[in-house]
Amino acid sequence: LNLANNKLGSDGVSAILAAVGSNSTLFSLNLADNKAGKEIADELASHLERNISLKKLNLSGASFGDAGAEALSHALAQNRVFLEILRLDECKIADVGAIALFDALKTNTRLQKLWLTGNKFKGTKEHKSTLLELVETTESLDTIDLRNNSKLDNWGSQAKLAAKKASKALGGHFTCTVHVGDLP
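Residues numbered from 1 in each chain as written. Predicted model: local features only at pLDDT ≥ 70, side-chain atom pairs only at ≥ 80, totals over all residues. Heavy atoms only, no water.

### Describing the nonpolar core
Generally speaking, soluble globular proteins have nonpolar side chains that are buried together.
Reasoning step 1: Ranked by internal contacts, the top residues of the largest apolar core, which has 42 residues, are F64, L86, L88, I93 and L116.
Reasoning step 2: Broken down by secondary-structure element, the contributors of at least two residues to this core are α1 (9-21), α2 (41-49), α3 (65-77), α4 (95-105) and α5 (125-137).
Reasoning step 3: With five residues, the single largest contributor to this core is α4. (Core = buried A, V, L, I, M, F, W, Y, C linked by side-chain atoms within 4.5 Å. Buried < 20%, exposed > 50% of the residue type's maximum accessible area, 1.4 Å probe, protein only. Helix = DSSP H or I, 4+ residues; strand = E, 2+ residues; numbered from the N terminus.)

This is the structure:
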């Protein structure tokens, strides 16, 4: 279901998420660029935890920042969200939210692709070590896109190297690709 660019606002996105919580047939939901803000952070995870069919979710452009990322992280860590693909581009997520997501994904066995382009990462030492640990230990995540987070560019090659080492340690059967730098 593609509802991107409809100016739904936080109230509209909340209503959609509430309906998604009880829906058992929706596979993909695109709510990108609907002017949703911090107001949806608390209900986001609870609605997603009740849905067992949603595999793809695009919330790009939602301005929920670290609060939304932390709420979603709690559900992802418990493996109660069945998402395989999650887009959180330009959601105003900073290091606190990114660290929460990376920590959660260390135990998540479902999410395969995560887009976090154009957020507000500063690339703190804790952020870096949490990302590197995730890349080295993840069992399901095969793509993390961190492009257009300029503060990460200077250590992105380390994350790529960690991903290659992890793949070799697993006999080449697994690869987590980390994208950094600017989008073409």
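That covers the picture; the talk isn't over yet.
### Section: unusual backbone geometry
Most of the time, phi is negative for any residue but glycine, and the peptide bond is trans.
Reasoning step 1: A positive phi is found at D33, a non-glycine position, where the angle reads about 55 degrees.
Reasoning step 2: With respect to the element layout, D33 can be found in the loop between β1 (28-30) and α2.
Reasoning step 3: Overall, D33 belongs to the partly exposed group, its relative accessible area being 40%.
Reasoning step 4: One non-glycine residue, K92, lies in positive phi territory at about 60 degrees.
Reasoning step 5: Its location among the elements puts K92 in the loop between β3 (85-87) and α4.
Reasoning step 6: Among the residues examined, K92 registers a relative accessible area of 46% and is labelled partly exposed.

### Details of the side chain of S73
Reasoning step 1: Structurally, S73 can be placed in helix α3.
Reasoning step 2: For S73, the side chain forms a polar contact with the main-chain oxygen of A69, separated by 2.6 Å.
Reasoning step 3: Setting aside residues no more than four positions away along its own chain, S73 makes contact with G97, A100, L101 and A104. (Polar contact = N/O pair within 3.5 Å; in protein donor to acceptor, adjacent residues only side chain to side chain. Contact = heavy atoms within 4.5 Å.)

### Things to note about α1
Reasoning step 1: Under the 1.5 Å per step criterion, the end-to-end length of α1 is 18 Å for 13 residues, consistent within 8% with the ideal 18 Å.
Reasoning step 2: Buried residues along α1 sit against β1 and α2. (Expected span 1.5 Å × (residues − 1).)

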